[in-house]
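Here's the letter readout for the chains.
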Amino acid sequence: SDQKWWRALSGARKGQTEMEAFAKRYFFKNDNKAQNRFLDKLTFVMSVCAVVLLTYCVSSPEGRAFIPFYFCISCPLLIGIRYFQYKKRKWHYFLLDFC
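The notes below deal with the structure included here. In this text, all values refer to a predicted model and were calculated from it rather than measured experimentally.

What counts as what
- Residues numbered from 1 in each chain as written.
- Predicted model: local features only at pLDDT ≥ 70, side-chain atom pairs only at ≥ 80, totals over all residues.
- Heavy atoms only, no water.
- Helix = DSSP H or I, 4+ residues; strand = E, 2+ residues; numbered from the N terminus.
- Buried < 20%, exposed > 50% of the residue type's maximum accessible area, 1.4 Å probe, protein only.
- Contact = heavy atoms within 4.5 Å.
- Areas by Shrake-Rupley, 256 points an atom, 1.4 Å probe, with all protein chains shown as cover.
- Patch = residues over 30% accessible without salt bridge, like charges linked within 9 Å, V, L, I, M, F, W, Y side chains within 5 Å.
- Salt bridge = Lys/Arg side-chain N within 4 Å of Asp/Glu carboxyl O.
- Expected span 1.5 Å × (residues − 1).
- Polar contact = N/O pair within 3.5 Å; in protein donor to acceptor, adjacent residues only side chain to side chain.
- Phe/Tyr/Trp six-rings, centres within 6.5 Å; stacked < 30°, edge-to-face > 60°.

### Some words on the overall build of the protein chain
Piece 1. Looking only at helices and strands, the protein chain has four helices and zero strands in total.
Piece 2. Sorting the 99 residues of the protein chain into buried and exposed places 13% on the buried side.
Piece 3. The contacts in the protein chain between residues at least 6 apart in sequence include a share of 17% that link residues at least 24 apart.
Piece 4. Only carbon and sulfur atoms are counted for the fraction: they give 67% of the accessible area of the protein chain, which is about 9200 Å².

### Focus: a nonpolar patch on the surface
Piece 1. On the surface, Phe38, Leu39, Leu42 and Met46 cluster together to form a nonpolar patch covering roughly 400 Å² of accessible area.
Piece 2. Its place among the elements puts Leu42 in helix α3 (residues 33-59).

### Quick word on helix α4 (residues 67-88)
Piece 1. For α4, which comprises 22 residues, the first-to-last C-alpha distance of 32 Å matches the rise-based estimate of 32 Å (1.5 Å per residue) to within 8%.
Piece 2. Once α4 finishes, Lys90 follows within two positions and takes phi at roughly 65°, a positive value.

### Thoughts on the environment of Ser59
Piece 1. Here Ser59 lies in helix α3.
Piece 2. Note on Ser59: relative accessible area 51%, which makes it exposed.
Piece 3. Among the polar contacts listed, one links the side chain of Ser59 to the backbone oxygen of Thr55, at a separation of 2.7 Å.

### A closer look at the packing of aromatic side chains
Piece 1. Overall, the coordinates contain four aromatic pairs when judged by the stated rule.
Piece 2. Summarising the aromatic geometry, the rings of Tyr70 and Phe71 are spaced 5.3 Å apart at their centres and angled 85° between planes, so their arrangement reads as edge-to-face.
Piece 3. Accessibility expressed as a relative area gives 40% for Phe71, which makes it partly exposed.
Piece 4. Ring centres 6.0 Å apart and planes at 80° place the aromatic pair Tyr86 and Trp91 in the edge-to-face group.
Piece 5. Look at Trp91 and you get buried, because its relative accessible area is 17%.

Dropping the structure here:
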């Protein structure tokens, strides 16, 4: 009886919990496994390259001059990517809270 009222108030369908509805809505939209695998590989390669480049910038005297350029390029790029990902999920207001 209590579950019936809870489903009526929360809008959850019969047999579907609130967490399942949330996960289905935001995380399982794209079931294209080949595209997800490609994005995972691309993200891994780009992350490794970024770590190698940043290690070079920090460890070598010549590379220290490139640290500001590295962050001037990477920060707006990563924040822009995050904005479009959050906008697609309608989470873009979470970008206002950086703490």
